[in-house]
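# Coordinates in review
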Amino acid sequence: MTSIILPLEFIDFILILIAVEAVAFSVWARKTGRESVLPAVFSFLLAGAALTIAVRFAMIGGSHPVLAASLAVSGVAHAFCLFSIIKLSADPKR
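Residues numbered from 1 in each chain as written. Predicted model: local features only at pLDDT ≥ 70, side-chain atom pairs only at ≥ 80, totals over all residues. Heavy atoms only, no water.

### Looking at the overall build of the protein
- Secondary structure assignment for the protein yields three helices and zero strands.
- Mapped in sequence order, the helices and strands of the protein form the string α-α-α.
- Here the protein has a C-alpha radius of gyration of 16 Å; the compact-globule value for 94 residues is 12 Å, and the former is much larger.
- A burial count over the protein gives 23% of its 94 residues as buried.
- Across the protein, contacts joining residues at least 24 apart in sequence account for 62% of those joining residues at least 6 apart. (Helix = DSSP H or I, 4+ residues; strand = E, 2+ residues; numbered from the N terminus. Rg over C-alpha atoms; globule rule 2.2 N^0.38 Å. Buried < 20%, exposed > 50% of the residue type's maximum accessible area, 1.4 Å probe, protein only. Contact = heavy atoms within 4.5 Å.)

### Describing the side chain of Ser43
- Secondary-structure assignment places Ser43 in helix H2 (residues 38-60).
- The exposure class assigned to Ser43 is buried, which follows from its relative accessible area of 5%.

### Quick word on the packing of H2 against helix H3 (residues 64-90)
- Contact pair H2 / H3: the axes reach a minimum separation of 8 Å and the direction vectors enclose 160°. As the angle between them shows, H2 and H3 are arranged roughly antiparallel. Taken as a pair, H2 and H3 cross one another with a handedness that is left-handed.
- Residue composition of the contact of H2 with H3, grouped by class: 20 nonpolar, five polar and no charged. (Axes fitted to C-alpha atoms, helices over the stretch in contact; angles between N-to-C directions. Parallel < 35°, antiparallel > 145°, perpendicular 65-115°, else oblique. Left-handed = near helix turned anticlockwise from the far one by under 90°. Nonpolar A, V, L, I, M, F, W, Y, C, P; charged D, E, K, R; others polar.)

Structure follows, in structure tokens:
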């Protein structure tokens, strides 16, 4: 099934950019001594990647269990991201 909105290659490119962003944030956090923000950043990126994968599977007519699993991973990662941000904002030593 061809997509009217976006080609699949564009979705793949977005996933590659998310991976590059994860590496860039990791390097930045280690150079600046801000490793405490990495769990929040990685969970945020994981949530976005899982949603992007869900969109990709929906575009190709993928199986419903894979689509549901991808959405579930995104939801859990987003919840962990929110928890991490709240925890970081409550810590005065960050």
